[in-house]
Amino acid sequence: MENNTLILGGKGKTGRRVADRLQGMPVRIASRSAQIPFDWENPDTWEAAVEGIQQVYITYQPDLAVPGAADSIRAFVDVAVRSGVRRLVLLSGRREEQAQLSEQIVKDSGLEWTIVTSSFFAQNFSEGVMLPAVLGGAIALPAGMVAEPFIDIDDIADIVAEALSTDKHVGKHYEVTGPRLLTFADAAAEIAEVSGREVAYYPMTPDEYRAEMAKYGVPEEETEMLIALFGEILDGRNALVADGVQQALGRPARDFSDYARDAAAAWK
Ligand SMILES: NC(=O)c1ccc[n+]([C@@H]2O[C@H](COP(=O)([O-])OP(=O)(O)OC[C@H]3O[C@@H](n4cnc5c(N)ncnc54)[C@H](OP(=O)(O)O)[C@@H]3O)[C@@H](O)[C@H]2O)c1
């Protein structure tokens, strides 16, 4: 059947990796700039995006932790159910209130589901919100010396692609992390080593972070969203390793050092 898998955020960090892995399967990429535009902020765009679709990989922008995210997920799931979608695969974040509500909505949808609840992405340093900071040599965050098991998102894409191309993961909820806890200072040191750049981590108070972001012209709303997000997920609650990658794929999660070696080109 034409276009039977819809990938929300299909040009994003995990979405494009999932699309690469599903080559040969009919896939529709959705985002605001896609051929059939999809915008989380504009529910009028949702119906056309899910028309004729049997399964959806759901990534939510800007982040599943933001207030109101669960309302959007609920409304989208309703549209998907009405449209005849059979399977949902949700990417979620660890121990975030809005994310947990969204996970439950997907579980209660009556459709087949798989949920991948993830730690902080390693690729945030090379493709995401923190790349400019790495290139500038200073990773400054209101995150203290908390430890985090950064995950290589190729592991997430491997699980999601299997969940969309086999029945192995139906009804499974995986908590996925990297295999090792690192502080942001540890991560900066590893990135410095493989890139040959000077990169250091500077813990900041939320007020110092606000002032720093304002210097770079980051919109106030985005800064406040990040402060709230980091305050929620980087307060120590997530400083533990989980074995979801091993459970799902039968192999260990990729280590941060392997990620950093492979991502080094992004920092040259
Ligand atoms: N980053 C982390 O460390 C982390 C950790 C755990 C969980 N998560 C979860 O991961 C999810 C994000 O997945 P991801 O990082 O793979 O995606 P992503 O890279 O953030 O997705 C970016 C894509 O989303 C599209 N997009 C932006 N705003 C949109 C909107 N309003 N409506 C529709 N599409 C929009 C953009 O394309 P257009 O410009 O064409 O619209 C862009 O290509 C979030 O739900 C987050 O909670 C993230």
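The following refers to the structure shown. Quick caveat, the model's predicted, so the values are computed rather than measured. (Residues numbered from 1 in each chain as written. Predicted model: local features only at pLDDT ≥ 70, side-chain atom pairs only at ≥ 80, totals over all residues. Heavy atoms only, no water.)

**Observations concerning helix α8 (residues 206-215)**
Quick reminder: α-helices carry 3.6 residues per turn. Residues three or four places apart thus point the same way. Here is the rule: Exposed residues in this analysis have more than 50% of their type's maximum accessible area, buried residues have under 20%, and partly exposed residues fall in between, with area computed by a 1.4 Å probe over protein chains only. Secondary structure elements follow DSSP: runs of H or I of four or more residues count as helices, runs of E of two or more count as strands, with numbering from the N terminus. Here, the arc refers to the directions that run from the helix axis to the C-beta atoms. In this description, contact between two residues means that some pair of their heavy atoms is separated by no more than 4.5 Å.
Along α8, the residues classified as buried are Tyr209, Glu212 and Met213. The arc enclosing the buried residues of α8, seen along the axis, measures out at 95°, which places them on a common side. Away from its buried face by more than 90 degrees, α8 exposes Asp207, Ala214 and Lys215. Looking at the buried side of α8, the elements it contacts are β6 (138-141) and α9 (220-233).

**A few points about the site of the ligand**
Stated precisely, the cut-off is as follows: Any residue with a heavy atom positioned within 4 Å of a molecule or strand is treated as near that molecule or strand. Whenever two N or O atoms come within 3.5 Å, that pair is a polar contact, provided that in protein one can donate a hydrogen and the other can accept it, and provided that, for residues adjacent in sequence, both atoms are side-chain atoms. Each accessible area is a Shrake-Rupley result for a 1.4 Å probe, and residues are judged covered by the shown protein chains and nothing else. When residue character is reported, Ala, Val, Leu, Ile, Met, Phe, Trp, Tyr, Cys and Pro are called nonpolar, Asp, Glu, Lys and Arg charged, and the others, Gly included, polar.
With respect to spatial proximity, 25 residues lie near the ligand, and among them Lys13, Thr14, Ser31, Arg32 and Ser33 are the closest. With respect to the ligand, the backbone of Lys13 contributes an N or O atom lying 2.8 Å from an oxygen atom. Arg32 places a polar side-chain atom, nitrogen or oxygen, 2.7 Å from an oxygen atom of the ligand. Its free accessible area being 930 Å², the ligand has 84% of it covered by the protein chains. Broken down by secondary-structure element, the contributors of at least two residues to the shell around the ligand are α1 (13-21) and β4 (87-93). Here the shell around the ligand is built from residues that sort into seven nonpolar, 13 polar and five charged.

**Quick word on the sheet that holds β4**
Basically, it comes down to this: Pairing between two strands is assigned when DSSP locates at least 2 bridges connecting them. Interaxial angles span 0 to 180 degrees and are taken between N-to-C directions of axes, which are lines fitted to C-alpha atoms, for helices over the stretch in contact.
Read from one edge of the open sheet, six strands run β2-β1-β3-β4-β5-β8, paired in parallel fashion. Whereas interior strands pair on both sides, the edge strands pair on one side only; in this sheet they are β2 (27-30) and β8 (172-176). This sheet shows a mean twist of 15° between the axes of neighbouring strands, independent of strand direction. Across four bridges, strand β3 (residues 55-58) lies against β4 in parallel orientation. Residue pairing in the sheet places Ile58 in a bridge with Leu90 of β4. The sheet contacts of helix α4 (residues 97-107) involve β4, β5 (112-118) and β8, and relative to β4 the element is tilted by about 165°.

**Description of the packing of α8 against α9**
Selection rule: For classification, angles of less than 35 degrees are called roughly parallel, those exceeding 145 degrees roughly antiparallel, those between 65 and 115 degrees roughly perpendicular, and all remaining angles oblique. Two helices cross in a left-handed way if the nearer one is turned anticlockwise from the farther one by less than a right angle. They cross in a right-handed way if the turn is clockwise.
At their nearest, the axes of α8 and α9 sit 10 Å apart, and the two run at 150° to each other. As summarised for this structure, α8 and α9 are arranged roughly antiparallel, according to the angle between their axes. Seen along the crossing, α8 lies across α9 with a hand that is right-handed. Residues Pro206, Tyr209, Arg210 and Met213 of α8 touch α9, and the partners they reach there are Thr223, Glu224, Leu226, Ile227 and Phe230.

**Some points on the side chain of Arg87**
For Arg87, the location among the structural elements is in strand β4. A polar side-chain atom of Arg87 sits 2.9 Å from the main-chain carbonyl oxygen of Ala163. Ignoring anything within four residues of it in the chain, the contact list for Arg87 reads Gln54, Gln55, Val56, Glu112, Ala163, Thr166, Asp167 and Val170.

**Some details on helix α3 (residues 69-83)**
Just so we agree on the cut-off: Under the convention used throughout, the expected extent of a helix is 1.5 Å for every residue step, that is, one less than its residue count.
Its 15 residues place the ends of α3 21 Å apart at the C-alpha level, agreeing with the 21 Å of an ideal helix rising 1.5 Å per residue. Among the residues of α3, Ala69, Ala70, Ser72, Ile73, Phe76, Val77, Val79 and Ala80 are the ones counted as buried. Looking one or two places after α3, you find Gly84, whose phi comes out positive at around 100°.

**Examining the packing of aromatic side chains**
The cut-off we apply is this: The aromatic pairing rule takes the rings of Phe, Tyr and Trp, using the six-membered ring of Trp, and pairs them if the centres are within 6.5 Å, calling planes under 30 degrees apart stacked, those over 60 edge-to-face and the rest tilted.
Enumeration over the complete set of coordinates arrives at 19 aromatic pairs. On the numbers, 5.6 Å between centres and 70° between planes, the contact of Trp40 with Trp46 is edge-to-face. Take Trp40 and Trp46: they sit in the same class, and that class is buried. Through a chain of ring-to-ring contacts, the aromatic side chains of Phe120, Phe125, Phe150, Phe184, Tyr201, Tyr209, Phe230, Phe256, Tyr259 and Trp267 assemble into a single cluster.

**Observations regarding the pattern of salt bridges**
Applicable threshold: The salt bridge definition used is simple: a Lys or Arg side-chain nitrogen within 4 Å of an Asp or Glu carboxyl oxygen.
If you walk through the whole model with that rule in mind, you get 23 salt bridges. Among the salt bridges present, the one from Asp207 reaches Arg210, with a minimum N-O distance of 2.6 Å. Residue Asp207 and its partner Arg210 are both found in helix α8; the two are separated by three residues, about one turn of the helix. With a shortest N-O distance of 3.3 Å, Lys215 and Glu212 are connected by a salt bridge. In this pair, Lys215 and Glu212 are both assigned in helix α8, three residues apart and thus about one turn of the helix distant. Each of Arg16, Arg17, Arg21, Glu127, Asp154, Asp155, Asp158 and Arg251 takes part in salt bridges that share partners, so that together they form one network.

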